[in-house]
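Commentary on secondary and tertiary structure
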Amino acid sequence: MNIPPRAGVGLKPQHYREILETAPDIGFFEVHAENYMGAGGPPHRYLAAIRELYPLSLHGVGLSIGAAGPLDQDHLRRLKDLIARYQPGLFSEHLAWSSHGEAFLNDLLPVPYTKETLQRIASHIDHVQETLGRQMLLENPSTYVAFAESTYAEPEFIAEVQRRTGCGLLLDVSNVHVASTNQQWDPFAYIDAYPLGAVQEIHLAGFTPETDEKQRPLLIDTHNRTVDPLVWQLYAYVIGKLGPTSTLIEWDADLPSWGELHAEAMRAEAHMKSHATPQEVRLARTG
Amino acid sequence: MQGLADRQQDFAMALLDAARATPPGLVGPDGLPSPRRFAVYRNNVVAGLIETLKENYPAIHRIVGDELFRAMAGLFVTAHPPRSPIMLGYGAGFPDFIAGFEPVATLPYLADVARIERAWIEAYHAADAGPLSAADLLAIDQDRLAQVRLALHPSLRVTQSRFPALTIWRMNIADGEPASVDIGADCEDALIIRPSAEVRVHQIPMGAAALVRSLGAGRPVVAAAIAALEVTVHFDLSTMLAGLIEAGAFIGWSLAPEARNEPS
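Cut-off values and rules
Residues numbered from 1 in each chain as written. Chains lettered and ligands numbered in written order. Predicted model: local features only at pLDDT ≥ 70, side-chain atom pairs only at ≥ 80, totals over all residues. Helix = DSSP H or I, 4+ residues; strand = E, 2+ residues; numbered from the N terminus. Rg over C-alpha atoms; globule rule 2.2 N^0.38 Å. Buried ≥ 20, exposed ≤ 12 C-beta atoms within 10 Å, placed from the backbone. Pairing = 2+ DSSP bridges. Axes fitted to C-alpha atoms, helices over the stretch in contact; angles between N-to-C directions. Expected span 1.5 Å × (residues − 1). Right-handed = clockwise from strand over helix to strand, strands pointing away. Core = buried A, V, L, I, M, F, W, Y, C linked by C-beta atoms within 7 Å. Domains from an automatic or database assignment. Contact = placed C-beta atoms within 7 Å. Nonpolar A, V, L, I, M, F, W, Y, C, P; charged D, E, K, R; others polar. Parallel < 35°, antiparallel > 145°, perpendicular 65-115°, else oblique. Left-handed = near helix turned anticlockwise from the far one by under 90°.

When helices and strands are tallied, chain B shows 11 helices and six strands. Taking 18 Å as the expected radius of gyration for a compact globule of 264 residues, we find that chain B reaches 24 Å, considerably beyond that expectation. With the principal axes as the frame, chain B shows a C-alpha extent of 85 × 45 × 30 Å. A buried classification covers 40% of the 264 residues belonging to chain B.

Attention now goes to the sheet that holds strand β3 (residues 157-161) of chain B. Strands in a sheet are paired, the pairing made by backbone hydrogen bonds, and the direction either parallel or antiparallel. All names here are of chain B. Pairing within the open sheet is antiparallel, and its three strands lie in the order β3-β4-β5. A single partner strand is all that each edge strand has here, and the edge strands are β3 and β5 (200-204). Across the sheet, the mean angle separating the axes of adjacent strands is 25 degrees when strand polarity is ignored. The pairing of β3 with strand β4 (residues 188-193) spans five bridges and is classified as antiparallel.

So, on to helix α8 (residues 229-242) of chain A. All names here are of chain A. Between the first and last C-alpha of α8 there are 20 Å, a value that for 14 residues agrees with the 20 Å anticipated at 1.5 Å per step. Among the residues of α8, those classed as buried are V231, L234, Y235, A236, Y237, V238 and I239. One or two residues past the end of α8 sits G243, with phi positive at roughly 75 degrees.

Now for the pairing of strand β3 (residues 56-59) of chain A. Residues and elements named next belong to chain A. Along β3, one buried face is formed by L56 and L58 and the opposite face, lined by S57 and H59, is buried too. In the sheet, strand β2 (residues 28-32) pairs with β3 via four bridges, with the strands oriented parallel. For V31, the partnering residue across the bridge sits in β3 and is L58. In this fold, the crossover linking β2 to β3 by way of helix α2 (residues 42-53) has right-handed handedness. Summarising the sheet, β3 and strand β4 (residues 90-94) pair through three bridges and their orientation is parallel. Following the sheet pairing, H59 is matched in β4 by S92. You can see the chain leave β3, run along helix α3 (residues 73-86) and come back into β4, and the turn it takes is right-handed.

Here we come to the nonpolar core. The biggest cluster of nonpolar side chains holds 142 residues, and the ones touching the most others in it are L138 of chain A together with V113 of chain B. Broken down by element, this core gets its largest block of residues, nine residues, from helix α6 (residues 110-125) of chain B. Both of domain 1 (1-107) and domain 2 (119-264) of chain B provide at least three residues apiece to this core. Not counting chain neighbours up to four residues away, the residues in contact with V113 of chain B comprise A59, I60, I63, A165, I168 and W169 of chain B.

Further remarks concern the interface of chain B and chain A. With 41 residues of chain B at the contact, the number on the chain A side is 41 residues. Secondary structure elements with two or more residues in the side of chain B that touches chain A: α1 (4-16), β1 (26-27), α2 (35-56) and α6 of chain B. Here the side of chain B that touches chain A takes nine residues from α2 of chain B, the largest share from any one element. Of the residues contributing to the side of chain B that touches chain A, the split by class is 24 nonpolar, 11 polar and six charged. Looking at chain direction, strand β8 (residues 146-147) of chain A and β1 of chain B are connected through two bridges and run antiparallel. Paired with F147 of chain A across the strands is L26 of chain B, a residue of β1 of chain B.

Once that is clear, we can look at the pairing of β5 of chain B. Residue and element names in this part refer to chain B. Two strands pair when backbone bridges link them, and β4 and β5 are joined in this way by five bridges, in the antiparallel orientation. If you follow A190 over to β5, its bridge partner there is Q203. Between β4 and the antiparallel strand that follows it, β5, lie six residues.

What follows deals with unusual backbone geometry. All names here are of chain A. Backbone geometry places A23, a non-glycine residue, at a positive phi of 40 degrees. Take A23: it is sitting in the loop between α1 (16-22) and β2. Of note in the backbone geometry, Q184 takes a positive phi value of approximately 60 degrees without being a glycine. Tracing the sequence through the fold places Q184 in the loop between α6 (173-183) and α7 (187-193). Q184 sits in the exposed class, given 12 other C-beta atoms within 10 Å.

Residues and elements named next belong to chain A. In spatial order, the strands read β1-β2-β3-β4-β7-β9-β10-β13; together these eight strands close into a barrel with parallel pairing. In this sheet, adjacent strand axes meet at a mean angle of 25 degrees when their direction is disregarded. Inspection of the sheet shows strand β10 (residues 199-205) paired to strand β13 (residues 247-250) by four bridges, in the parallel sense. Counterpart to I202 in the pairing with β13 is T247.

Here we come to the domain arrangement of chain B. All names here are of chain B. For chain B, the domain assignment lists domain 1 (1-107) and domain 2 (119-264). With six residues of domain 1 at the interface, the matching set in domain 2 holds five residues. Here the side of domain 1 that touches domain 2 is built from residues that sort into four nonpolar, one polar and one charged.

This part takes up the packing of α3 of chain A against helix α4 (residues 115-132) of chain A. Residues and elements named next belong to chain A. Between α3 and α4, whose axes approach to 10 Å, the crossing angle comes to 45 degrees. In this view, α3 runs oblique relative to α4, as classed from their interaxial angle. Of the two elements, α3 crosses α4, and the hand of that crossing is right-handed. Contact with α3, carried on its side by L76, L79, K80 and I83, involves V128, T131 and L132 of α4 and no other residues of that element. Per-class residue counts for the contact of α3 with α4 are five nonpolar, one polar and one charged.

Here you go:
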C-alpha cells in the first residue's frame, strides 16, 4: 500500500488499543524497524492488525549507513524479512552512524561532509538498495557540532549522495530547523539548495531549546513536544514548493494522548490544504 | 587530516568515557571547539541507554529510587554498551551486574528481582506458539509416558531465588502495594511464560525448576522427575505436570527412538 500525500504519526504501543478500537482517520503510521525485530509477541500482533487497516512506512534507526566500517549483514537481512512481512510503502534510514566495532551506540551520530564520507555512504546505500531490492529514503540529520574537515554544505552533500545512488529522500523539516539554528545556517536557503525533487516523505517533531558554552542557541532534537511555530513556517514553505507530501509527526518521549497526537497530524494536513506559495510564506516570515 | 574510521574511533571512545577530552575538530558555528555541543551526544547515548534499562527494569527502578538507579545503570551502560541495534534485548547482563554492585549489597534479593524482570521481557518478545492442551497429551500412549520428551514453549523462563523475590517483584510493579517482607522467608521460584497475548508469572514449588530445566535439555519425563526428586522428596510429578500443562508450558512431544527400547 503506497503512503498517501497526507499526515501520519509514529505508532506507539501506548496507542495500539485506542487506534484499533476507534479506527481514526489518519493517512498512515510509521514504526521504527528495530522495535519489531523481536521473534514474536504483542508488538507484532498489534502491528499486523493495524497494518490491515492503514498504510505503513518503515523507519530504520540502526543500520549505521554513515559508518566507516561495513554494513551489518544480519541487520540488513532482518530488515529484508520485516519488509517482506509488513510490505511498507516506504523504507527510510538516516544520514548518520551508530555502530562502531562491536558496540551499538544507540544514537544518530554526525558525519563529516567529505569526499571520503560521500563515497562510503553512496556505496552503503547502493548495497542497501541492492539487498532490499527497493529504493530507500535517506533522512537529513539534526546536528550539534560541525566537523572542521567538511568540504560540502549539507544540502549539497545530500544532493550528491542522491544523484549517485538514486535513493529517495526523507526531508526532516525539524532537523533542518534544528541544524540550521545550531550551525547558524539560513533554513530557507537550505531548502532552496536541497534536491526537493527526490523528497517522498517529510518528518516533523518537537525540540528542546538549550544554549552552548558561548550562550548560542543549541536546539536538541528530543521528539518530546509539539512542533515549533518556526518549524511550521518552514514546513509551509516546503509544502508551497512541493505540494501535499506524506508528512509524519514524530513524538517519541513524554508521549501525549492519542487525541493530542492526532490533532498535531491534522495541523500538518491543514497546511497541505492551505496552498500558500513559497513567496507568501517568505513574506509572512519577514512581515 | 583524519580519515573517517579514525574519526569515528575517537568519537566513539569519547562518547563512552566522560574523562576523555572532546575529539579535536568538532566545532561550533565560529569554527572553534565546543565541548558543550559534543556533550549533547554523550548525554544522548548514556541517558538513552539508561532510559532503556529503566523501561526494562521498572521494579528495580522503583525499589532503589531514581537517583541510585541512574548511577547504577550509568556504570552498566558505559561498561556494557549494546552489541546489537535491536534494543529490545538490551540489558541481559544487568541482573549479574546488580549482584556484584557493592552499594546495593544490603538488598541481596535485588538481582533475583531483576532476573524476573529480564525473564518477563524475554517472554514478551519470544516467538509465538500454541501450547498443547491436556487432551493433546492424553493422546500419548500412557505406558510410554515416562519416556516422552516434551518441547517447552519458546517464551518459557524459570527463575530461582533464595529470597521471596517474586513477592517483592509483585509489590513493585504497576499496581503493586509495597509492604514489609521477611527476606528470611521461603525461597521463591517462578515460571514466566507468554502462552498467548499476555505474559503470565506463576510461583512454582521446589523441584519444579529442576524438572523444567531437565525437560528443556531434552531429557525424558522420568529423568526430569528424578532431577526434581534430587531437589526435594516431596515432589509430586502429576500435580506439577498438570500445572505446567495448564500454564501452557508444552508445545510438542516426541518419543525418541532409543527410549522405545529402554526397559520400563
